[in-house]
Amino acid sequence: MSAEMPEDSAPLIEFDAVSKDFGKFRALNGIDLEVGRGERLVICGPSGSGKSTLIRCINGLEQIDSGRIVVDGVALEPGGRGARQVRGKVGMVFQQFNLFPHLTVLENLTLGPVRARGLSRADAEATARRYLARVRIPEQAEKYPRQLSGGQQQRVAIARSLCMEPGIMLFDEPTSALDPEMINEVLDVMTELAETGMTMIVVTHEMGFARRVADRVVFMDAGEIVEMAPPDRFFTAPESQRCRDFLQKLLHH
Amino acid sequence: MIRIALFLGLLLALSGCSGNWGWYVVDPRTTSGWNNLRFLLSGLEYTVYLSAVAITISMTVGLLVALPALSPFPWLRRASRVYVELVRSVPLLVLILWVYYGLPQLTGLTLSVFWAGVIALALSDSAFQAEIFRGGIQSIARGQYEAAYSVSLGYRDTMRYVILPQALRRILPALGNQLIYMLKMSSLVSVIGMQELTRKANELVVVEYRPLEIYTILVLEYLVLILIVSSGVRWLERRLQADES
Ligand SMILES: Nc1ncnc2c1ncn2[C@@H]1O[C@H](COP(=O)(O)OP(=O)(O)O)[C@@H](O)[C@H]1O
Ligand SMILES: [Mg+2]
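Everything numeric in this text was worked out from a predicted model, so none of it was measured. (Residues numbered from 1 in each chain as written. Chains lettered and ligands numbered in written order. Predicted model: local features only at pLDDT ≥ 70, side-chain atom pairs only at ≥ 80, totals over all residues. Heavy atoms only, no water.)

Novice: Honestly, the domain arrangement of chain B in this entry has me stumped. Any pointers?
Specialist: Accessible area lost on assembly of the parts is the figure often given for the size of an interface. Residues and elements named next belong to chain B. Taken domain by domain, chain B holds domain 1 (43-195) and domain 2 (203-245). If you average the C-alpha positions of domain 1 and of domain 2, the two centres end up 22 Å apart. Listed by partner, the interface residues are 13 residues for domain 1 and twelve residues for domain 2. Summed over both partners, the interface of domain 1 with domain 2 buries about 1,100 Å², with 76% contributed by carbon and sulfur atoms. The largest per-residue losses of area from domain 1 upon contact with domain 2 belong to R169, L172 and L183, which jointly make up 45% of the total buried on that side. Seen at the junction of domain 1 and domain 2, the total is zero salt bridges. Between the two partners, domain 1 and domain 2, sit one residue pair in polar contact (both at pLDDT 80 or more). Put simply, the parts of the chain that give the side of domain 1 that touches domain 2 at least two residues each are α3 (44-69) and α8 (155-185). Here the element with the most residues in the side of domain 1 that touches domain 2 is α8; it accounts for eight residues. Counted by class, the side of domain 1 that touches domain 2 contains seven nonpolar, four polar and two charged residues. (Domains from an automatic or database assignment. Contact = heavy atoms within 4.5 Å. Buried area = accessible area lost by both parts, 1.4 Å probe. Salt bridge = Lys/Arg side-chain N within 4 Å of Asp/Glu carboxyl O. Polar contact = N/O pair within 3.5 Å; in protein donor to acceptor, adjacent residues only side chain to side chain. Helix = DSSP H or I, 4+ residues; strand = E, 2+ residues; numbered from the N terminus. Nonpolar A, V, L, I, M, F, W, Y, C, P; charged D, E, K, R; others polar.)

This is the structure:
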């Protein structure tokens, strides 16, 4: 290896033959995947296909059993200890929001920056208010999560992740727990985030969002990546039968 | 609770007329009655102080025993289990005697009555505290850990700022029960000479030979003390709830 690759062309996230087992059950089976800096990847697939497991491996919420993941130069290997280091670079938004119910919105946003990034309280609050404005709820800072609607809570959760200034954002079905009328307010915030050049991996079945925002769409089934293509090709000419069936079902309900 | 207290008060007032009672021993209008009353009440300070110190220690120990019970390492879970089973199978009275008379021989340290009482009460209660904390921590959803980890908090900060504050709110009623239990069980420390409420009553009974009146006062002392504590706990619960809504 004499010639060094220019940094920009190296993938920001790289999966190399990654497998993950829960007991005897294989949740991920030999995943190979590269995500470039600034890329937006949408992952879809039937329930239980391993979508959540895949993105949870990226920030070390799940330990992999074989293969290797490299996230912005940090390697995650079976039994390895890279998780803490990776979490500083990766933000995550959950289906169930997972806000801290005993803390105000502002405290939810400043806990990580103050305790883990060592920011002063004043700096952390300034950052928090900036991101709250960006997700369009600057006036809710002093409230507790349960006083907010689902859509507002999920936007707080996005702001909470952004306060850590991550280079990568992971979304695990961010709109699946929301009432239909609140889905768009969250998708709009995510679309704006994509426009800032954030690297994003989004597990979702919102195909309109995938068409608009994704650089590539991934279809997973039974712990494997079955199909991966840019949205125009993915939606018009999927190669595998399983993917065609899945898209059929999504469209007809 | 208030009604029960009023009822008991009424009952006492009535029984005072029946002639079988000799309330003079604690009649505040006579000098000796007033002195006796003050003597009985002088144990209050020790009862409260003993219980407060013991429950502070038992909660700390309980938490330290509960955390390994939740660890992924089987040997840590087993060690925690053994501690709980062992400690809670010893009767408190036996533990008090063992700590006061036995422990100094074993270690060569002499223990004051107060600290022997504190150690025995705290030890005994810590097994129950461990179970309470374990249940409370287990009741917090996994998503809370994951959210904390994903904003880069480590295990300690996650426990301290995210998990324990929520667990504490949930176990507050159980902790209140333990404090009440502690206040009552502290009466057993009278057997090694601790000058708390029960000991004072025993000593006065020996002098005055009026067990009915003196022990009735003792009952009332515990009743009032515990009513105050339980309404304090409920006030705290309401305040914490109001905080979040
Ligand atoms: N902690 C776990 N323990 C056991 N099995 C799990 C666990 N997490 C996920 N699984 C299993 O792994 C498979 C993939 O799960 P998941 O990644 O959540 O799927 P998806 O997000 O695509 O619905 C499912 O069959 C699920 O039951
Ligand atoms: Mg999932």
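Novice: Looking at this structure, I do not really get the site of ligand 1. What am I missing?
Specialist: Inspection of the region around ligand 1 gives F22, F25, A27, P46, S47, G48, S49, G50, K51, S52 and T53 of chain A together with R142 of chain B as its neighbouring residues. With respect to ligand 1, its neighbouring residues span chains A and B. Note that an oxygen atom of ligand 1 is positioned 3.2 Å from one of the backbone N or O atoms of S49 of chain A. In this structure, an oxygen atom belonging to ligand 1 sits 3.0 Å away from a main-chain N or O atom of G50 of chain A. Every element with two or more residues in the shell around ligand 1 is listed here: β2 (25-35) and α1 (51-58) of chain A. By residue number, the principal contributor to the shell around ligand 1 is α1 of chain A, which donates three residues. Here the shell around ligand 1 is composed, by residue class, of four nonpolar, six polar and two charged. (Near = heavy atom within 4 Å.)

Novice: Would you mind showing me how to read the environment of G50 of chain A here?
Specialist: Residues and elements named next belong to chain A. You can see G50 is positioned in the loop between β3 (40-44) and α1. The spacing of G50 and M200 is 150 residues in sequence and 18 Å in space, taken between C-alpha atoms. Ignoring anything within four residues of it in the chain, the contact list for G50 reads A27, L28 and M220.

Novice: What is the right way to read the pattern of salt bridges from this model?
Specialist: Once their charged atoms are close, side chains differing in charge can pair, the charge on each being opposite to the other. Here the structure, examined in full by the defined rule, presents 22 salt bridges over all chains. One salt bridge in this structure joins R37 of chain A and D72 of chain A, with 3.7 Å as the shortest N-O distance. Note that R37 of chain A is positioned in the loop between β2 and β3 and D72 of chain A in the loop between β4 (66-71) and β5 (74-76), a separation of 35 residues in sequence. With relative accessibility at 31%, the residue D72 of chain A sits in the partly exposed group. We note a salt bridge from E39 of chain A to R216 of chain A, for which the minimum N-O separation is 2.5 Å. With a gap of 177 residues between them, E39 of chain A in the loop between β2 and β3 and R216 of chain A in strand β9 (residues 216-221) connect regions that are remote in the sequence. Here E39 of chain A falls in the buried class, since its relative accessible area comes to 13%. Members of the salt-bridge network, linked through shared partners, are R81, E85, R88, E131 and R134 of chain B. (Buried < 20%, exposed > 50% of the residue type's maximum accessible area, 1.4 Å probe, protein only.)

Novice: It is not clear to me how the packing of helix α2 (residues 31-41) of chain B against helix α9 (residues 197-208) of chain B should be interpreted in this structure. Could you clarify?
Specialist: All names here are of chain B. Relative orientation of the contacting elements α2 and α9 amounts to 150 degrees, with a least axis distance of 8 Å. Residues N36, F39 and L40 of α2 touch α9, and the partners they reach there are L197, K200, A201, E203, L204 and E208. Tallied by class, residues from the contact of α2 with α9 come to five nonpolar, one polar and three charged. (Axes fitted to C-alpha atoms, helices over the stretch in contact; angles between N-to-C directions.)

Novice: How should the sheet that holds strand β8 (residues 199-203) of chain A be read in this particular structure?
Specialist: Residue and element names in this part refer to chain A. Sheet architecture is open: six strands sit in the order β6-β7-β8-β3-β9-β10, paired in mixed fashion. In this open sheet, the two strands that pair with only one neighbour each are β6 (90-93) and β10 (224-229). The mean angle between the axes of side-by-side strands here comes to 20 degrees, regardless of whether they run parallel or antiparallel. Here strand β7 (residues 168-172) pairs with β8 via five bridges, running parallel. Paired with M169 across the bridge in β8 is M200. (Pairing = 2+ DSSP bridges.)

Novice: Please clarify how empty space enclosed by the protein should be interpreted in this entry.
Specialist: Rolled over the atoms, a probe sized like a water molecule indicates the empty space that remains. Residue and element names in this part refer to chain A. Applying the stated rule across the entire model yields one cavity of 30 Å³ or more. Forming the walls of the largest cavity are R40, L41, V42, M200, V202, F209, V213 and A214. If you list the elements that add at least two residues to the lining of the largest cavity, you get β3, β8 and α7 (207-213). The leading source of residues in the lining of the largest cavity is β3, at three residues. Residue classes in the lining of the largest cavity are distributed as seven nonpolar, no polar and one charged. (1 Å grid on protein atoms, 1.4 Å probe; cavity = no way out; pocket = protein on both sides within 12 Å on 5 of 7 lines; lining within 4 Å. Points joined across faces, edges and corners; volume = space filled by probe spheres on them.)

Novice: Can you walk me through the interface of chain A and chain B in this structure?
Specialist: Each partner contributes to the interface: chain A provides 24 residues, whereas chain B provides 21 residues. Summed over both partners, the interface of chain A with chain B buries about 2,000 Å², with 57% contributed by carbon and sulfur atoms. There are one salt bridge connecting chain A and chain B. As a salt-bridge pair, E146 of chain B and R56 of chain A come within 2.7 Å of each other at their nearest N and O atoms. Between the two partners, chain A and chain B, sit eight residue pairs in polar contact (both at pLDDT 80 or more). For the side of chain A that touches chain B, the leading source of residues is helix α3 (residues 105-115) of chain A, giving three residues.

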